[in-house]
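Observations on chain architecture
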Amino acid sequence: MKGQQKVMSITGKSKVKASTRRVIALLEREYGVPHRSRRSDPLESLIVTILSQNTNDINRDKAYRSLRKRFRSWQEMHDAPVREIAEAIRVGGLANIKSERINEILHSVKKERGDFDLSFLRDLPAEEAEEALLSHKGVGLKTAKVVLLFSLGKNVFPVDTHIHRLSKRLGLVPEKATRQHTHDIMAHLVPPEKMHSFHLNLIAHGRKICKARDPRCPDCLLNRLCPRIGV
Ligand code: SF4
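Residues numbered from 1 in each chain as written. Predicted model: local features only at pLDDT ≥ 70, side-chain atom pairs only at ≥ 80, totals over all residues.

Side note on the overall build of the chain
Secondary structure summary: the chain contains eleven helices and zero strands in total. Judged by the C-alpha coordinates and their principal axes, the chain covers about 60 × 40 × 30 Å. (Helix = DSSP H or I, 4+ residues; strand = E, 2+ residues; numbered from the N terminus.)

Okay, here's the thing in structure tokens:
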């Protein structure tokens, strides 16, 4: 009986893998293979990711520009009172929480490294670089993976709110999976070379079609393989 269950679970896993590959291909046909841009300063990427929480890309960028205009260097930002950081990023929303986080990160990086240079992370394997980022107070799993993917060129798969929702609706992860669980499952499910493309295309699809409140299932290119159809 145990043997039978094992065979079934392996079969189930390979079905989900096949389904994931099909979803990746269909999304690439629709949205293309996103260009992988040149790698940026990891600390800048970290701060921009903090600023992106609960806001859109336009306000995130406005907040970052305002922050860099106000402080000429990371050191100046590090030395400033938190309320000055909050004033500078007000346009991006949640300024008090985000300014606290930025302050904590700058202090933590300076204390550990002696400066603000995180470029050494490029030379580490993805898991070690992730651990190093997570060791800084204020850095969560998604934020660390975003920096790894976009700034450090590592093949990892960050799970944001859109990806978490779509992964569940498409049956790639269990309906009750936590964000942490979804990170773990997707890390094994998505082929490394497709992580950048799938991350961006799933978000694009979540924003345009598979919205949180009102998914446009009849218009969805994935509806033939979506278990949610008919629910
Ligand atoms: S069919 Fe509906 S629920 Fe499924 S992925 Fe498409 S929009 Fe989302």
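From this point, the narrative continues.
Overview of the environment of Ile203
Mapped onto the elements, Ile203 comes out in helix H11 (residues 195–208). Judged by C-beta crowding, with 17 C-beta atoms within 10 Å, Ile203 ranks as partly exposed. Through-space distance from the C-alpha of Ile203 to that of Asp160 is 8.2 Å; in sequence the pair is 43 residues apart. In this structure, Ile203 is in contact with Asp160, His162 and Ile163, ignoring residues within four places of it in sequence. (Buried ≥ 20, exposed ≤ 12 C-beta atoms within 10 Å, placed from the backbone. Contact = placed C-beta atoms within 7 Å.)

Points about the packing of helix H7 (residues 126–134) against helix H8 (residues 141–151)
Each pair of packed helices can be described by the angle between their axes along with the distance between the axes. Two elements in contact, H7 and H8, have axes separated by 9 Å at closest approach and are oriented at 130 degrees. Between H7 and H8, the crossing angle belongs to the class labelled oblique. As H7 runs across H8, the sense of the crossing is right-handed. Of H8, the residues touching H7 (which contributes Ala126, Ala129, Glu130, Leu133 and Leu134) are Leu141, Ala144, Lys145, Val147 and Leu148. Classifying every residue of the contact of H7 with H8 by side-chain character gives eight nonpolar, no polar and two charged. (Axes fitted to C-alpha atoms, helices over the stretch in contact; angles between N-to-C directions. Parallel < 35°, antiparallel > 145°, perpendicular 65-115°, else oblique. Left-handed = near helix turned anticlockwise from the far one by under 90°. Nonpolar A, V, L, I, M, F, W, Y, C, P; charged D, E, K, R; others polar.)

Let's talk about the site of the ligand
In the neighbourhood of the ligand, 13 residues make up the surrounding shell, with Cys210, Pro215, Cys217, Cys220 and Cys226 lying closest. Each residue belonging to the shell around the ligand can be placed in one class, and the counts come to nine nonpolar, one polar and three charged. (Near = placed C-beta within 6 Å.)

Things to note about helix H2 (residues 42–51)
For H2, the buried fraction is high: nine of the ten residues fall into the buried class. Against helix H3 (57–70), helix H4 (74–79), helix H6 (95–113) and H8 lie the buried residues of H2.

Here we look at the domain arrangement of the chain
When cut into domains, the chain gives domain 1 (2–35 + 157–225) and domain 2 (42–151). Its C-alpha centre places domain 1 at a distance of 28 Å from the equivalent point of domain 2. Every contact between the two is made by nine residues of domain 1 and, on the other side, five residues of domain 2. Per-element tally for the side of domain 1 that touches domain 2: the top contributor is H11, with three residues. Broken down by class, the residue content of the side of domain 1 that touches domain 2 amounts to four nonpolar, four polar and one charged. (Domains from an automatic or database assignment.)

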